[in-house]
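Examination of the molecular architecture
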Amino acid sequence: MTTADRWLLPDGMDEVLPPQATRMEELRRTLLNLYDCWGYDQVMPPAAEFLDSLLTGTGSDLALQTFKIVDQLSGRTLGVSADVTPQVARMDAHSLRRPGPARLCYCTTVLRAQADQYQGGRSPVQVGVELFGHADIQADLEVLRLALASLRVAGAGEVHLALGHIGLYRSLVEAADLDVQAERGIFSALALKSPGELQVQLETHVRDPDLANMLASLVELHGGDEIFETAREVFSKAPKPVITALDQLETLCRGIQAAYPKVELYFDLAELRGYRYHTGMVFSAYVPGYGQALVKGGRYDNTGQAFGRARPATGFSMDLKLLVSLAEQAPPLDGIWAPAEDTPGAETSSLARAIETLRRSGERVVQALPGQQDDPETYRCNRRLVRMGDDWQVSPLK
């Protein structure tokens, strides 16, 4: 290993330097304050847990993304958190055990063995909310509105919101009574948006022609809210859960249009992302100029069952590193540059007292070190502390 190699970072791992770190911290505070205003309590999950806890329930899909280490105390295998959602589900089901709805939020760094194909990076700063204990569509609407409010405070202008509902596909394949291999083939064809392959799978495995036609139509049912009229006709003979899922999507559509009329809505009834753990609506929010979703979320009921308490759940997550790039402006020049102290350790001097008073009032004061000749603006200072007789006064830098 050469000297230069010692400073290389692993692929997908990145450091955060000024001024991005300052912007990230400001946005973190803004988002957590926003969630507090909506009644969401902050939690701080541990960086690592026993592996069988992390990979239980919704966490089972994270096995390939989770770093494994051995606990020196217990000898058991630990997993480094790759996604906060399973941890928060455990906290709701096992640690908090609140009788009614629980609104929880978080912001913490996670570590992934593989980069997330949707949000990139192996060490995202994951921020998000989870709402447990309420199965009504109003809980989903609250989470959607809060996700859009998060994008707004982060500086997003034009937003495109894509919505789907896992219940549509799940109800149809349950009614078709398919074996595992047949269901897997239909799922793959739908995930690839391949009408030809889907038709082959349906002709081979689905005996009921009405169900086959409805499953075949899923791949074509995407677009704006005009698709609901067509979907009502296509699913006129569908099982009741399919109609319920359509009703829920239309309710969400009306709610978002009322609260955020400028948000572009897109519906995809064949959206199957997170099929193994999502149980209801799923959504992703996009902003022009970004190749991936900035927000992902949806409903994932009964995720706490593995921890002894099945609860309805809905929520979303974001990568703070990605979100902060929506507003690239540098932190403002708002500091005060103070001269170096002539006498080392002179904490009781008039200069030291003036600096302490300013800092106690919330001012950013950067004191020069002896012999330092740097430009104060390098340290985000636009004012200077100057001596006026026996006192020290704050004056403009220029």
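Scroll up a little and you will see the structure.
It should be emphasised that the depicted structure is a prediction, and the values quoted were computed from it without experimental measurement.

Some words on the overall build of the protein
- In terms of helices and strands, the protein carries 12 helices and 16 strands.
- Overall, the protein is about 95 × 55 × 50 Å in size when its C-alpha atoms are taken along their principal axes.
- Across the 398 residues that make up the protein, the buried fraction comes to 47%.
- The contacts in the protein between residues at least 6 apart in sequence include a share of 69% that link residues at least 24 apart.
- Only carbon and sulfur atoms are counted for the fraction: they give 51% of the accessible area of the protein, which is about 20,200 Å².
- Counting 39 positive and 52 negative side-chain charges, the protein places the averaged centre of each group 5 Å from the other.

Some words on empty space enclosed by the protein
- Throughout the structure, instances matching the rule amount to one cavity of 30 Å³ or more.
- Size it by volume and the largest cavity reaches roughly 40 Å³.
- Every residue along the wall of the largest cavity is listed here: Leu-54, Leu-55, Leu-62, Thr-66, Val-80, Ser-81, Ala-82, Asp-83 and Pro-86.
- Its residues assigned to classes, the lining of the largest cavity shows six nonpolar, two polar and one charged.

Some words on the packing of helix H9 (residues 227-234) against helix H10 (residues 240-259)
- Closest axis-to-axis distance for the H9/H10 pair is 11 Å, and the angle between their directions is 170°. By the angle class used here, H9 and H10 are roughly antiparallel. Where H9 abuts H10, its residues Phe-228, Ala-231 and Arg-232 lie against Ile-243, Leu-246, Asp-247, Leu-249, Glu-250 and Cys-253.
- Taken together, the residues of the contact of H9 with H10 sort by class into six nonpolar, no polar and three charged.

Here's the deal with the side chain of Thr-85
- One can find Thr-85 in helix H3 (residues 85-96).
- Owing to a relative accessible area of 14%, Thr-85 belongs among the buried residues under this scheme.

Section: the nonpolar core
- With 84 residues, the main nonpolar core has Tyr-35, Leu-161, Phe-235, Leu-269, Phe-283 and Phe-316 as its most contacted residues.
- Considering every element that reaches this core, the biggest residue donor is helix H4 (residues 137-154), with 11 residues.
- In this structure, Val-43, Leu-104, Phe-132 and Tyr-300 belong to the second largest nonpolar core, which totals 12 residues.

Description of H4
- For H4, built from 18 residues, the straight-helix expectation of 26 Å at 1.5 Å per residue is met to within 8% by its first-to-last C-alpha distance of 26 Å.
- Capping the start of H4, Asp-136 holds a side-chain oxygen 2.9 Å from the backbone nitrogen of Gln-138, two or three residues further along.
- Looking at the residues trailing H4, positive phi occurs at Gly-155, about 110°.

Focus: the packing of aromatic side chains
- Applying the stated criterion across every chain yields a total of six aromatic pairs.
- Ring geometry for Tyr-35 versus Phe-316: centroids 6.4 Å apart, planes at 75°, classification edge-to-face. Of this pair, Tyr-35 sits in helix H1 (residues 20-37) while Phe-316 sits in strand E12 (residues 313-319); the two residues are 281 residues apart in sequence, bridging distant segments of the chain.
- You can call Phe-316 buried: its relative accessible area is 2%.
- Ring centres 5.3 Å apart and planes at 70° place the aromatic pair Tyr-169 and Tyr-275 in the edge-to-face group. Of the two residues, Tyr-169 is situated in helix H5 (residues 166-176) and Tyr-275 in the loop between strand E9 (264-268) and strand E10 (281-286); the sequence distance between them amounts to 106 residues. Side by side, Tyr-169 and Tyr-275 carry an identical accessibility label, which is buried.
- Through successive ring pairs, a cluster of aromatic residues spans Tyr-169, Phe-187 and Tyr-275.
- One Lys or Arg, Arg-170, reaches over the ring of Tyr-275 and ends 4.5 Å from the middle of that ring.

Overview of the sheet that holds strand E3 (residues 68-70)
- With antiparallel pairing, the three strands of this open sheet are ordered in space as E2-E4-E3. The open sheet terminates on both sides in strands that have one partner only, identified here as strand E2 (48-50) and E3. Neighbour to neighbour, the strand axes of the sheet diverge by 40° on average, direction disregarded.
- In the sheet, E3 pairs with strand E4 (residues 77-80) via three bridges, with the strands oriented antiparallel. By the bridge assignment for E4, Val-70 is matched with Thr-77.

Thoughts on the pattern of salt bridges
- The tally for this structure, following the rule as stated, stands at 16 salt bridges.
- Across the salt bridge formed by Arg-28 and Glu-25, the nearest N and O atoms sit 2.7 Å from each other. One end of the pair, Arg-28, and the other, Glu-25, are both in helix H1, three residues apart, so they sit about a helical turn from each other.
- Among the residues examined, Arg-28 registers a relative accessible area of 24% and is labelled partly exposed.
- Owing to a relative accessible area of 28%, Glu-25 belongs among the partly exposed residues under this scheme.
- For Glu-49, the salt bridge goes to Arg-90, with nearest N and O atoms at 2.9 Å. Within this pair, whereas Glu-49 is found in strand E2, its partner Arg-90 is found in helix H3, the two being separated by 41 residues in sequence. When sorted by exposure, Glu-49 lands in the same class as Arg-90, which is buried.
- Among the charged side chains, a salt-bridge network with shared partners connects Glu-25, Arg-28 and Arg-29.

Conventions and cut-offs
- Residues numbered from 1 in each chain as written.
- Predicted model: local features only at pLDDT ≥ 70, side-chain atom pairs only at ≥ 80, totals over all residues.
- Heavy atoms only, no water.
- Helix = DSSP H or I, 4+ residues; strand = E, 2+ residues; numbered from the N terminus.
- Buried < 20%, exposed > 50% of the residue type's maximum accessible area, 1.4 Å probe, protein only.
- Contact = heavy atoms within 4.5 Å.
- Areas by Shrake-Rupley, 256 points an atom, 1.4 Å probe, with all protein chains shown as cover.
- Lys, Arg positive; Asp, Glu negative; His and termini not counted.
- Charge placed at Lys NZ, Arg CZ, Asp CG, Glu CD.
- 1 Å grid on protein atoms, 1.4 Å probe; cavity = no way out; pocket = protein on both sides within 12 Å on 5 of 7 lines; lining within 4 Å.
- Points joined across faces, edges and corners; volume = space filled by probe spheres on them.
- Nonpolar A, V, L, I, M, F, W, Y, C, P; charged D, E, K, R; others polar.
- Axes fitted to C-alpha atoms, helices over the stretch in contact; angles between N-to-C directions.
- Parallel < 35°, antiparallel > 145°, perpendicular 65-115°, else oblique.
- Core = buried A, V, L, I, M, F, W, Y, C linked by side-chain atoms within 4.5 Å.
- Expected span 1.5 Å × (residues − 1).
- Polar contact = N/O pair within 3.5 Å; in protein donor to acceptor, adjacent residues only side chain to side chain.
- Phe/Tyr/Trp six-rings, centres within 6.5 Å; stacked < 30°, edge-to-face > 60°.
- Lys NZ or Arg CZ within 6 Å of the ring centre and 35° of its normal.
- Pairing = 2+ DSSP bridges.
- Salt bridge = Lys/Arg side-chain N within 4 Å of Asp/Glu carboxyl O.

So, to be careful, I would describe these as geometric facts and stop short of saying anything about function.
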